[in-house]
There are 2 protein chains.
Amino acid sequence: MDINKTLSALNNPVRRQILAWLKDRSNFPPPLPEHVDLSGVCVGYIQERANLSQSTISTYMRLLKDAGLVTSERHGQWTFYKRNEDAIAATLKILAEEL
Amino acid sequence: MDINKTLSALNNPVRRQILAWLKDRSNFPPPLPEHVDLSGVCVGYIQERANLSQSTISTYMRLLKDAGLVTSERHGQWTFYKRNEDAIAATLKILAEEL
DNA sequence: TCCATATATCGGCATATCGCGATATGTCAC
DNA sequence: GTGACATATCGCGATATGCCGATATATGGA
């Protein structure tokens, strides 16, 4: 758990917004029928919501993932991202202690 | 309270370290006799501890101050900085809610 | 195999941040 | 006013980040 990397990932309003959106699946369109039993949200839906380019969102999700704040799972051609609640809680804990 | 500005200020290990050092006056040399009744730590002591240039530390303290994380008081030729505990607590609260 | 779709990576330009030395400002003592 | 000292600001080159379009990779279907 690299607090520098984590704070860098969080130091962007859109990336924080994405994390917040991922709290509630209903912030995104309903999943395709073949995805209803999967958790997480695909990159395309996140991109649509954030209204930034596909490459930007893909990079943002990689940054969030490298920081440990989200996890990803590939299913077919889709990558589903979801919050890593443990890592998010750990980040808040570290900040509360360190600051 | 601008969370973007605050997170930018916190997105630097030395600035976070300074905030942490300021929790305890004993992280710095004893105050001059004429300063014993004043709260806060002067820039020179912070610079000495951080081992960065005077201009860098002055800028760091301005960033922390602009973010509201510290307050400053001038006394003679010295500027004394101390933690703004309310703002720090508010930051942690906002992060806990937003993330 | 060839094509369509979803995502990831690359290369680039604009802007921001890092940390510095030089210089400006403010304050005190003389 | 002059000099000494503490701090703030300026200007710089180096590096990082923002965000993009173009391209590469991966998967599934005809």
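Not measured: the values here are computed from a predicted model.

A. Main features of unusual backbone geometry. Of note in this structure, A:Asn51 is not a glycine but carries a positive phi near 60°. For A:Asn51, the position within the fold is in the loop between α3 (43-50) and α4 (54-66).

B. Expanded view of the sheet that holds strand β1 (residues 41-42) of chain A. All names here are of chain A. If you trace the three strands from one edge of the open sheet to the other, you get β1-β3-β2, paired in antiparallel fashion. At either end of the open sheet lies a strand with only one pairing partner, and these are β1 and β2 (70-75). Both β2 and strand β3 (residues 78-83) contribute to a ladder of six bridges, which runs antiparallel. Across the sheet, the residue bridging to His 75 is Trp 78, located in β3. Running over the sheet, α4 touches β2 and β3 and is turned about 120° from β2.

C. Quick peek at the pattern of salt bridges. Tallied over the entire structure, the rule returns eight salt bridges over all chains. Here A:Glu97 and A:Lys93 are joined by a salt bridge, their closest N and O atoms 3.1 Å apart. Taken together, the residues A:Glu97 and A:Lys93, both in helix α5 (residues 85-98) and four residues apart, mark about one turn of the helix. On the basis of relative accessibility, which here comes to 54%, the residue A:Lys93 falls in the exposed class. Between B:Glu85 and B:Arg83 there is a salt bridge whose closest N-O contact spans 2.7 Å. Overall, B:Glu85 belongs to the partly exposed group, its relative accessible area being 44%.

D. Region of the structure containing the protein's contact with DNA strand D. The local shell around DNA strand D holds 23 residues, among which A:Ser53, A:Tyr60, B:Gln54, B:Ser55 and B:Gln77 are the closest. Among atoms of DNA strand D positioned within 4 Å of the protein, sugar and phosphate together represent 62%. Between a phosphate oxygen of DNA strand D and a main-chain N or O atom of A:Ser53, the distance comes to 2.8 Å. In this structure, a base oxygen belonging to DNA strand D sits 2.8 Å away from a side-chain N or O atom of B:Gln77. Those elements that provide at least two residues to the surface near DNA strand D are α4 of chain A together with α3 (43-50), α4 (54-66) and β3 (78-83) of chain B. A total of five residues in the surface near DNA strand D trace back to one element, the largest contributor, which is α4(B). Considered class by class, the residues forming the surface near DNA strand D number six nonpolar, 13 polar and four charged.

The rules behind these values
Residues numbered from 1 in each chain as written. Chains lettered and ligands numbered in written order. Predicted model: local features only at pLDDT ≥ 70, side-chain atom pairs only at ≥ 80, totals over all residues. Heavy atoms only, no water. Helix = DSSP H or I, 4+ residues; strand = E, 2+ residues; numbered from the N terminus. Pairing = 2+ DSSP bridges. Contact = heavy atoms within 4.5 Å. Axes fitted to C-alpha atoms, helices over the stretch in contact; angles between N-to-C directions. Salt bridge = Lys/Arg side-chain N within 4 Å of Asp/Glu carboxyl O. Buried < 20%, exposed > 50% of the residue type's maximum accessible area, 1.4 Å probe, protein only. Near = heavy atom within 4 Å. Polar contact = N/O pair within 3.5 Å; in protein donor to acceptor, adjacent residues only side chain to side chain. Nonpolar A, V, L, I, M, F, W, Y, C, P; charged D, E, K, R; others polar.

Scope: geometric values only; no functional claims are made or implied.
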